[in-house]
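# Secondary and tertiary structure notes
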Protein chains: 2
Amino acid sequence: MSQVLHAPSAGPRTLPSLSTLPTPALVLDRDRMDRNVARLSAIAARHDVILRPHLKTAKSVEAARRIFPDGPGPITVSTLAEAEYFAREGGYRDITYAVGLDPAKVPRALAIAASGVDLKVTLDSVAQAEALGKAARDAPAVCAAFIEIDCDGHRGGLSPGDPLLIVTASELAAGGVPLAGVLTHAGDSYGLSDPDALAAAAEGERIAALSAAQALRTAGFECPIISVGSTPTAHFARNLDGITEVRAGVFMFFDLVMAGIGVCDIDDLALTVLTTVIGRKAEKDWILVDAGWMALSRDRGTARQDVDQGYGLVCDLHGRVIPDLIVDQANQEHGIVTMRAGSARALPDLPIGTRLRILPNHACATGAQHDAYRVVEGDGDMVIATWSRMRGW
Amino acid sequence: MSQVLHAPSAGPRTLPSLSTLPTPALVLDRDRMDRNVARLSAIAARHDVILRPHLKTAKSVEAARRIFPDGPGPITVSTLAEAEYFAREGGYRDITYAVGLDPAKVPRALAIAASGVDLKVTLDSVAQAEALGKAARDAPAVCAAFIEIDCDGHRGGLSPGDPLLIVTASELAAGGVPLAGVLTHAGDSYGLSDPDALAAAAEGERIAALSAAQALRTAGFECPIISVGSTPTAHFARNLDGITEVRAGVFMFFDLVMAGIGVCDIDDLALTVLTTVIGRKAEKDWILVDAGWMALSRDRGTARQDVDQGYGLVCDLHGRVIPDLIVDQANQEHGIVTMRAGSARALPDLPIGTRLRILPNHACATGAQHDAYRVVEGDGDMVIATWSRMRGW
C-alpha cells in the first residue's frame, strides 16, 4: 500500500512538505532507518547469526521491505494480526510470534500456518503445549513452538534449569508439535547504560539460551533455533557463539530511551512527531504545541534515565535539536514545551504557527498513536511517500 | 456504523460473549455509561446550564447517540477530524473545537463551517484572531471564536484581567469574526481529591470565566456563551450562576483517576480491557496477561494519587474487582499482574486461559488504543453491539 506521492517525471514538483502537512504527523527519516538497519545487519553478519527483526515497532510492510523486499523473512511479530498482515501484504512466510500463546488463539495460529506461513509460536507451560498439540492433531498444518526461557527475571519463560523444560518439550512431542527451539529476551537490559553491563546482559542471554538448549539436547530433543535478543544486547554482545538468530525491534528507528542507554546517538533517531506552535504563556516560559499524548504517547521511559527528556526532545523543522527544549507536560492534544529544568538557556522565540519536530522517548509507543508514516529522505523536508501502519489484535 | 450483532427474533442465540471474544478487547458497559450521563445531565439541569459533552473521550458516534440520538449537539471535540466525523456520521451541527487554533488549520475549519456546521473555535492570541479574520473574509461561512481564559495556570488561555483580552476581541471584530464567548477549563482539578477543594476549583473556574466575560461586556462586546468545565469541577460545582454551559468528557466512562479524585465509585467505571492469562511465574507471584501497554496505554495517572493502581485494577470476567490485584508492569503485549505491594491477600489461582477485565487509569488514553467498543449490558457477558471509534487528526 506504499503510496508514492510524486514521480520525478510527472511534471512540476508538488510534493507535500513538512511545512504544509497537517499536524500532528508521524515523520520517518528513511535514510536514518536504512543506516540503523545496515548497522545491526553488519553486526549480525560479523557474528554469523541471522537477524530476525521484530516488526512490532514498525508495523509497516513498506518499512519491512527495506530489509526484505519480497519476503519471506525471517521476521518476528507481537500479535497474530501482525502475522496475518505481513503475510498478506508482503508475502512474509517465516514468522515467529514471540508472545506467550493464549490457548484460545491456537485455532487462529493454525489457520495462518495452513495458509502457507511457517508460523512459530512461543510458550512456557505444559498447559499451552497440551492445547497446541490437541488442536494440531486434526489441523492441515502445525505451528512449531519455541519454549521461552527466562534469562533475567524480566517477564515470562522457564529458567534454563527448570525441570518443566523437559516436561514441556515432552508434551509438545507427544502432541506431534515440532520444537522450534528456545527463545529468550533480555528485557532488563533497558535499565542499563554501562557498556560492560550491557555486554554482560548479552552474555547472560546467550548462556541462558544455550544452557536450556543443552538440557533439551541431552534429553534427546532437537533444538534447531537458539533465538536471543533485545536492541541493547544485540548491539553490545561480544560473543554469540552457539546462537543461531538475534531479534530486535526498536533498532530500526531508535528513540530517546535507546540513546540514554547508549545504543545510538541522537542523530540516529529516525522517528519524529511534526507539530505546530498553537500558544504561549510568557509568564510561565511555556510554549503550547498541538502534539499532546495522543500524538506522542504517554511513555515516560526516560524518566528513570540520567537525562529525563519529558515527553520528548524538541527539534526544528529540519530535525536539528534545539538544546534543552523538551515537552514537559502532555494533555490529550496539547504539549507544553519548556526549557529543561536547570537549563541556562533562554526559551527561544517560537511564534504561533512555527513548526517543530519532537524526538520520542519510545518509538514503539509513539508509532502506535499514528496510522501512517510521512517519509522524508535525509535532511529534506519533502514527503516522498506515505507508508502504512497496522494496529489491533 | 452501529453493528447490532444479534436480533432476538433471529433464531438461536449466537451472541459473541466475553468468554470467547479475541483478547485484548475494549469492553463498554452501556448501562453504566447511561447512568453516568444521566447523573451529570441531572446536575446540569439542576444548575440550569447546558451540558456540552466532550467527545474526545468516547470518539464514537454510537456513544454520542446515547445522549443526542439525532444530533445536532451541543458537543465538544479536540480535533477537526472529530468535528468532521461527528458531523458526517451523526448529523452533529453544534460543535466547539476546544483546542487552540493552529493558523494553518483555519481553511479546514472554515470548510467544516461551510458544510453547515456551527463550528466554534478557540484561541487566545491576536495572531490567531488575525489569521481567522483574514481567511474568513472571503469564506462562504465563518466560525465564531471563543477566547480561552486561564483559570488555574494549567495550560493556555489569557488571564481574565489581561488587557490582551480586549485587544483579541477587537481583532476578531475587525475581521468580522463573531465572538462566541469565553471558555475555560480547570485542568488542575485533576490533582485534587478533597470535596471542598474541588468545589473551590469549580468556583475559581466560574469566577475566571465571569470576570473575563464582564470585562468584554464592559468594553462593548457581546459575550453570549460562558463555557466552563472539567469532569471533577462539573460534579463538584455548588454554584454555576452566570455560566451558560458546562463541558466534560471522561464522565461518560469514568476511570480509576476519577475514582481516586472522588468523582465516582469504582462500580461506575464503564470501560474495561478484556484480557487472557498467558503465563505465570510462581516464584515471583506474577501472572502474565495479554494486555500490555498497547491495550492499556502507558497512562500512569494514579501514580500521583493516594492509591496507585499500577496500569489498572483487575476484575473477573463479570467485572467484579479482585481485591488488591493490579497490573504492576506493562510491556508492549504483556501485562504483569501481581498483588498490590503490602497486600495481605494471596495471589489467586488464575490458570492459563482465564479471562479477566482491567479497569483503566485513564479512559481517554486506554480508549485511544482500540478501534472499537464491545458493548455489554449491565452484568451480562454477551456482546450486544460493536461501536466504532475514530482516531487521527
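About the cut-offs
Residues numbered from 1 in each chain as written. Chains lettered and ligands numbered in written order. Predicted model: local features only at pLDDT ≥ 70, side-chain atom pairs only at ≥ 80, totals over all residues. Heavy atoms only, no water. UniProt positions renumbered as here; feature names shortened; annotations may be inferred. Helix = DSSP H or I, 4+ residues; strand = E, 2+ residues; numbered from the N terminus. Domains from an automatic or database assignment. Contact = heavy atoms within 4.5 Å. Buried area = accessible area lost by both parts, 1.4 Å probe. Salt bridge = Lys/Arg side-chain N within 4 Å of Asp/Glu carboxyl O. Polar contact = N/O pair within 3.5 Å; in protein donor to acceptor, adjacent residues only side chain to side chain. Nonpolar A, V, L, I, M, F, W, Y, C, P; charged D, E, K, R; others polar. 1 Å grid on protein atoms, 1.4 Å probe; cavity = no way out; pocket = protein on both sides within 12 Å on 5 of 7 lines; lining within 4 Å. Points joined across faces, edges and corners; volume = space filled by probe spheres on them. Buried < 20%, exposed > 50% of the residue type's maximum accessible area, 1.4 Å probe, protein only. Pairing = 2+ DSSP bridges. Arc of directions from axis to C-beta. Axes fitted to C-alpha atoms, helices over the stretch in contact; angles between N-to-C directions. pLDDT = per-residue confidence, 0-100. Parallel < 35°, antiparallel > 145°, perpendicular 65-115°, else oblique.

- Chain A carries the name D-serine deaminase-like pyridoxal phosphate-dependent protein in an unreviewed UniProt entry, which gives Novosphingobium marinum as its organism.
- What UniProt records for chain A under Sequence similarities (unreviewed entry) is the sentence "Belongs to the DSD1 family."

## With respect to the UniProt feature "domain: D-serine dehydratase-like" (unreviewed entry) in chain A
- As annotated by UniProt and renumbered to match this structure, "domain: D-serine dehydratase-like" (unreviewed entry) occupies residues 270-377 of chain A.
- When the span residues 270-377 of chain A is considered, its composition is 8% helix and 40% strand, and the gap between its end C-alpha atoms is 10 Å.

## Some thoughts on the domain arrangement of chain A
Residues and elements named next belong to chain A.
- Taken as a whole, chain A is organised into domain 1 (3-25 + 263-388) and domain 2 (30-253).
- Inter-centroid distance (C-alpha atoms) of domain 1 to domain 2 is 33 Å.
- Listed by partner, the interface residues are 18 residues for domain 1 and 24 residues for domain 2.
- Of the roughly 1,900 Å² buried between domain 1 and domain 2 on both sides combined, carbon and sulfur atoms contribute 51%.
- Three residues stand out in domain 1 for area buried against domain 2, namely V263, C364 and W387, and they jointly supply 33% of the buried area on that side.
- A salt bridge links D268 to R35, with the nearest nitrogen and oxygen atoms 3.0 Å apart.
- Where domain 1 touches domain 2, the interface holds 14 residue pairs in polar contact (both at pLDDT 80 or more).
- Those elements giving two or more residues to the side of domain 1 that touches domain 2 turn out to be α11 (363-367), β17 (372-376) and β18 (385-388).
- Class assignment for the residues of the side of domain 1 that touches domain 2 results in 13 nonpolar, two polar and three charged.

## Focus on the layout of surface pockets
- In this model, the second largest pocket occupies a volume close to 310 Å³.
- As for the second largest pocket, its lining consists of 15 residues, of which A:P24, A:A25, A:A372, A:R374 and B:W393 are closest to the centre.
- Elements represented by at least two residues in the lining of the second largest pocket include exactly β2 (25-29) and β17 of chain A.
- Of the residues assigned to the lining of the second largest pocket, the class counts are seven nonpolar, four polar and four charged.

## Considerations on the pairing of strand β16 (residues 355-359) of chain B
All names here are of chain B.
- By the criterion of burial, β16 is predominantly enclosed, with five of the five residues buried.
- Residues R355, R357 and L359 point to one face of β16 and L356 and I358 to the other, with burial holding for every one of them.
- Of the strand pairs in this sheet, strand β11 (residues 271-281) and β16 are connected by four bridges, and their pairing is antiparallel. The residue of β16 that forms the bridge with T275 is L356.
- Where strand β13 (residues 313-315) and β16 come together, three bridges link them in antiparallel fashion. Within β16, the position partnered with L313 by the bridge is L359.

## With respect to helix α5 (residues 126-136) of chain B
- Inspection of α5(B) places B:Q128, B:A129, B:L132, B:G133 and B:A136 among the buried residues, and these make up the whole buried set. Buried positions in α5(B), seen along its axis, are confined to an arc of 130° and lie on one side of it.
- In this fold, the buried residues of α5(B) make contact with β11 (271-281) of chain A together with β5 (94-100), α4 (106-114), β6 (118-123), β7 (145-149) and α6 (164-174) of chain B.

## Things to note about the environment of B:L164
Residues and elements named next belong to chain B.
- When you line up the elements, L164 lands in helix α6.
- Assessed through its relative accessible area of 41%, L164 is described here as partly exposed.
- The spacing of L164 and P103 is 61 residues in sequence and 18 Å in space, taken between C-alpha atoms.

## What about the sheet that holds strand β3 (residues 50-53) of chain A?
Residues and elements named next belong to chain A.
- Reading across the sheet, the eight strands line up as β3-β10-β9-β8-β7-β6-β5-β4 and stay open at both edges, with parallel pairing between neighbours. Each of the sheet's edge strands pairs with one partner strand only, and the pair in question is β3 and β4 (75-77). Here the strands of the sheet are splayed against their neighbours by 25° on average, with no regard to which way each runs.

## With respect to the confidence of the model for chain A
- The share of residues in chain A with pLDDT of 70 or more is 96%, and the mean pLDDT across the chain is 95.
- In the model, residues 1-12 of chain A has pLDDT below 50 throughout and makes 19 contacts with residues more than four positions away in sequence or in other chains.

## What about the sheet that holds strand β4 (residues 75-77) of chain B?
Residue and element names in this part refer to chain B.
- One open sheet holds the eight strands; their spatial order is β3-β10-β9-β8-β7-β6-β5-β4, and the pairing between them is parallel. The open sheet is flanked by β3 (50-53) and β4, the only strands paired with a single partner. On average, each strand axis in the sheet is inclined to that of its neighbour by 25°, with strand direction left out of account.
- Of the strand pairs in this sheet, strand β8 (residues 179-184) and strand β9 (residues 225-228) are connected by three bridges, and their pairing is parallel. Within β9, the position partnered with G181 by the bridge is I225.

## Looking at the packing of α5(B) against α6(B)
All names here are of chain B.
- Relative to each other, α5 and α6 sit at 5°, their axes nearing to 8 Å. Here α5 is positioned roughly parallel relative to α6, judged by the angle of their axes. Where α5 abuts α6, its residues V126, A129 and E130 lie against V167, T168, E171 and L172.
- In terms of residue class, the contact of α5 with α6 is built from four nonpolar, one polar and two charged.

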